[in-house]
Amino acid sequence: SFEISADNGQTWSAASSSKLADNRFLVKGLTGGKTYQVRATCDGILSSVYTFTTEIGAQLENSNMETWSHTDGIKGSWPNTGIYWWRYYPAENSDSGIWSTMNPLTTSYTGTRDYTAYCNFSGTHETDDAHSGNKAAMIETVGWGANAAQAYWTNSKNITVGQLYLGSYNSSTGTPDYGISYGHRPKNIEFWYKYRAKNSADFGKAFVKVLDASGAVLAEKTLDLPATPEYTPMRLDLSDAYAVPGNAGVTLQLGFLSSGYEGVESQNNADWLDRPPFGNLNNGRFTGSSLYIDDIKLNY
């Protein structure tokens with residue numbers, strides 16, 4: 001049996017507990033961010049006292065997707081003197097925040113038409129179509145870069161799946177560096193989503209992974225997100241996934257993708273991308289499926 005103390009051993013009370021595998025025990029009913037002492041009795045023998053502090057159930061910065069900023073794209077020359085694209089950030093500015101996107105890649109084209117919307121397009125950006133509050137994240141598969149001509153019968157130069165993820169974009173490799181230092185182990189992660197599939201075979205993706213200081217995976221979960229026209233609650237459940245319950249998480253990886261369809265970035269055709277109309281430089285874009293994400297919550 002176990003006894004627990006919350007006042008540095010001055011008073012003790014029986015603790016609710018259950019036995020796990022490998023001679024481990026789960027002590028229940030504790031409060032986050034509090035220091036406890038625990039001791040055990042076996043066959044009348046009292047153990048030494050172990051002191052520990054429980055984890056605090058922290059929430060993620062900008063988990064409600066209300067904070068966004070952007071930098072302007074390149075201005076065109078006469079007669080097309082407007083700015084037709086923007087690089088969006090899910091943070092107060094380009095140098096802040098814990099969320100990243102693939103926007104540095106999909107807005108990286110430089111050339112004779114680098115001012116046009118169809119050459120540079122932020123696949124992840126804000127939308128006022130929110131579950132709650134004023135804003136949500138809209139994550140889209142996009143075509144970008146220069147092509148021979150800009151019209152409904154042409155293909156885009158490149159296709160990139162939109163992403164919103166914890167971590168940073170690696171400009172050297174053109175890929176995400178997933179994860180932030182976190183130090184906690186969420187039991188589950190709830191969020192609200194809706195999904196517009198350009199192709200009926202397409203679907204969105206959500207993933208989470210918790211790693212310890214050695215890089216070992218403590219828990220992970222992946223979900224497919226099917227098409228739905230209304231905001232729908234979803235949960236990445238980790239409560240039964242922790243391989244080593246005694247270890248605290250050190251790195252948290254969490255991300256959302258506009259497509260989980262294998263090989264979608266090679267589907268350069270009108271079945272998978274809406275194409276811009278001829279001559280539309282200011283808002284004509286190659287756009288695939290769209291994933292909306294809002295109100296992310298970590299539970300402990």
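Above this text sits the structure in question.
Residues numbered from 1 in each chain as written. Predicted model: local features only at pLDDT ≥ 70, side-chain atom pairs only at ≥ 80, totals over all residues. Heavy atoms only, no water.

Draft legend 1. Up close: the overall build of the protein chain. Of regular secondary structure, the protein chain possesses 1 helix and 22 strands. Rg of the C-alpha trace for the protein chain: 24 Å, well past the compact-globule value of 19 Å for 300 residues, more than 25% over. Reported as C-alpha extents along the three principal axes, the dimensions of the protein chain are approximately 90 × 35 × 35 Å. Out of the 300 residues belonging to the protein chain, those deemed buried represent 44%. In the protein chain, of all internal contacts separated by at least 6 residues, the share reaching a separation of at least 24 is 65%. Accessible area for the protein chain stands at about 14,800 Å²; split by element, carbon and sulfur atoms hold 48% of it. Between the mean site of the 22 positive side-chain charges and the mean site of the 30 negative ones, the protein chain shows a separation of 2 Å. (Helix = DSSP H or I, 4+ residues; strand = E, 2+ residues; numbered from the N terminus. Rg over C-alpha atoms; globule rule 2.2 N^0.38 Å. Buried < 20%, exposed > 50% of the residue type's maximum accessible area, 1.4 Å probe, protein only. Contact = heavy atoms within 4.5 Å. Areas by Shrake-Rupley, 256 points an atom, 1.4 Å probe, with all protein chains shown as cover. Lys, Arg positive; Asp, Glu negative; His and termini not counted. Charge placed at Lys NZ, Arg CZ, Asp CG, Glu CD.)

Draft legend 2. The side chain of Asp294, seen in detail. Take Asp294: it is sitting in strand β22 (residues 286-299). Apart from the residues within four sequence positions on either side, Asp294 is in contact with Asn64, Met65, Ala130, His131, Ser132, Lys135, Ala136, Phe191, Trp192 and Tyr231.

Draft legend 3. Representation of the pattern of salt bridges. Taken as a whole and judged by the stated rule, the model has 8 salt bridges. A salt bridge links Lys194 to Asp129; the shortest N-O distance between them is 2.6 Å. Placement of Lys194 in strand β17 (residues 188-196) and of Asp129 in the loop between β11 (124-127) and β12 (136-144) is noted, with a sequence separation of 65 residues between them. Judged by relative accessible area, which is 13%, Lys194 ranks as buried. According to the relative accessible area criterion, Asp129 is partly exposed, its value standing at 29%. (Salt bridge = Lys/Arg side-chain N within 4 Å of Asp/Glu carboxyl O.)

Draft legend 4. Spatial organisation of the environment of Asp224. Tracing the backbone shows Asp224 in strand β19 (residues 217-225). In this structure Asp224 comes out as partly exposed when scored by relative accessible area, which is 42%. With 21 residues separating them in the primary sequence, Asp224 and Phe203 have C-alpha atoms 6.5 Å apart. Beyond its immediate chain neighbours, meaning those up to four positions away, Asp224 contacts Phe203, Gly204, Lys205 and Met234. Polar side-chain contacts of Asp224 include one of 2.7 Å to the side chain of Lys205. (Polar contact = N/O pair within 3.5 Å; in protein donor to acceptor, adjacent residues only side chain to side chain.)

Draft legend 5. Quick peek at the pairing of β17. Here β17 pairs with strand β20 (residues 228-237) via 7 bridges, running antiparallel. Paired with Phe191 across the strands is Met234, a residue of β20. (Pairing = 2+ DSSP bridges.)

Draft legend 6. Structural view of the packing of aromatic side chains. Per the stated rule, a full pass over the model turns up 8 aromatic pairs. Judged by centre distance (6.3 Å) and plane angle (55°), the rings of Tyr84 and Tyr115 are tilted. Here Tyr84, found in the loop between β8 (69-72) and β9 (86-89), pairs with Tyr115, found in the loop between α1 (103-106) and β11; they are 31 residues apart in sequence, far enough to count as distant. You'll find Tyr84 and Tyr115 in the same group, each marked buried. Ring centres of Tyr261 and Trp272 lie 4.6 Å apart, and the angle between their planes is 40°; on these two criteria the pair is classed as tilted. (Phe/Tyr/Trp six-rings, centres within 6.5 Å; stacked < 30°, edge-to-face > 60°.)

Draft legend 7. Up close: the environment of Gly82. With respect to the helices and strands, the residue Gly82 is situated in the loop between β8 and β9. Contact partners of Gly82, with chain neighbours within four places excluded, come to Ile74, Lys75 and Gly76.

Draft legend 8. Region of interest: the nonpolar core. If you look at the biggest cluster of nonpolar residues, it comprises 33 residues, and the most contacted ones within it are Leu60, Trp99, Phe191, Leu254, Phe256, Ile293 and Ile296. Counting only elements with at least two residues in this core, the list comes to β12, β14 (163-170), β17, β18 (204-211), β19, β21 (251-257) and β22. Ala117, Tyr118, Leu273 and Phe286 belong to the second-largest nonpolar core, a separate cluster that totals 10 residues. (Core = buried A, V, L, I, M, F, W, Y, C linked by side-chain atoms within 4.5 Å.)

Draft legend 9. Fine view of the side chain of Thr141. Residue position: Thr141 is located in strand β12. Judged by its relative accessible area of 2%, Thr141 falls in the buried class. In this structure the side chain of Thr141 is engaged in a polar contact, spanning 2.7 Å, whose partner is the side chain of Ser258. For Thr141, the residues in contact, after removing those within four places along its chain, are Ile159, Thr160, Val161, Gly162, Ser258, Ser259, Leu273, Phe286, Thr287, Gly288 and Ser289.

Draft legend 10. Main features of the environment of Tyr109. Here Tyr109 lies in the loop between α1 and β11. Distance from Tyr109 to Asp128, taken between C-alpha atoms, is 27 Å for residues 19 residues apart in sequence. Discounting residues that sit within four places of it in the chain, Tyr109 has contacts with Asp114, Cys119, Asn120, Trp144, Gly145 and Ala146.

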